[in-house]
Structures are given as structure tokens and as C-alpha cells.
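This is what each chain is made of:
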Amino acid sequence: MNEINRDNANFLIKKKDSHIIFVNSPFCGTCKVAKRMLEYVEEALEEEKFYELNATLAPDILQKYNIMSVPCLIVFKNGRPVDRMYAFRSVPHVLKEMSPYLV
């Protein structure tokens, strides 16, 4: 998983292709569990698919895209949020929900 800052996130969001950004906080226990699930997905796919953004360092992005809580997995396509996930129930659930964006 590639860790990005606020400026990198804004650059990625504006690009014409799609990106999946994992918004989390280092102080959140649920975020740590969700991050491990995403790392497992990347290991299974043998490819890095997610970008990690520390929410505490990018409050403007949270406000702009109405990210209500962390952890949040948000999919951007052509500069717009097209999907988001707050509930990381299991690795199979993450794969099922994100599979359209992982290919």
C-alpha cells in the first residue's frame, strides 16, 4: 500500500483514471484491522491497489468528499467519488465490494 499525503491525494483524485484511497487514522484500532485486510488483498492480487491517506493530516479532503468516519475506502474515478466503504467485515467482503475496481 502506497502512503500518500494531502497533496498526492489531490493530484491522484484529479487524474482521469480510477484510484482507491484508504483513509484512516493511526490512532484507530479498527483502521489497523482494515489496513491488514487490504494488505492481504494486495498480497493475494500480487499488486499494490490502494493508497493510504492519514485522515488527521488531510481534514480538508475529509470535508470536501464527505468522509464521515474512518476507516473509509473511497474510489475515485475521473475526479469524482464513485463508491465508498466504511464496513470492513472480512477479506472476502472487501474483495466482493471492490472487485469492479481491482481489475
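Relevant structure appears above.
Residues numbered from 1 in each chain as written. Predicted model: local features only at pLDDT ≥ 70, side-chain atom pairs only at ≥ 80, totals over all residues. Heavy atoms only, no water.

Student: Could you give me a rundown of unusual backbone geometry, with the residues and numbers involved?
Tutor: Of note, the amide linkage connecting Val 70 to Pro 71 takes the cis form, showing an omega dihedral of 0°. Mapped onto the fold, Pro 71 is located in the loop between helix H3 (59–64) and strand S4 (72–77). Here Asn 66, not a glycine, exhibits a phi torsion of approximately 50°, which is positive. With respect to the helices and strands, the residue Asn 66 is situated in the loop between H3 and S4. (Helix = DSSP H or I, 4+ residues; strand = E, 2+ residues; numbered from the N terminus.)

Student: With reference to specific residues and values, describe the pattern of salt bridges.
Tutor: Applying the stated criterion across every chain, the model contains 6 salt bridges. Across the salt bridge formed by Lys 35 and Glu 52, the nearest N and O atoms sit 3.2 Å from each other. You can see Lys 35 sitting in helix H2 (residues 29–45) and its partner Glu 52 sitting in strand S3 (residues 50–54), a full 17 residues away along the chain. Among the residues examined, Glu 52 registers a relative accessible area of 9% and is labelled buried. Where salt bridges share partners, they join Arg 6, Asp 7 and Asp 60 into one cluster. (Salt bridge = Lys/Arg side-chain N within 4 Å of Asp/Glu carboxyl O. Buried < 20%, exposed > 50% of the residue type's maximum accessible area, 1.4 Å probe, protein only.)

Student: So what's going on with the side chain of Asn 24? Which residues, and what values?
Tutor: Counting through the fold element by element, Asn 24 comes out in strand S2 (residues 18–24). Separated by 3.1 Å, the side chains of Asn 24 and Glu 52 make a polar contact. If near-sequence neighbours (up to four positions away) are discounted, Asn 24 is found in contact with Cys 31, Glu 52, Leu 53, Asn 54, Ala 55 and Val 70. (Polar contact = N/O pair within 3.5 Å; in protein donor to acceptor, adjacent residues only side chain to side chain. Contact = heavy atoms within 4.5 Å.)

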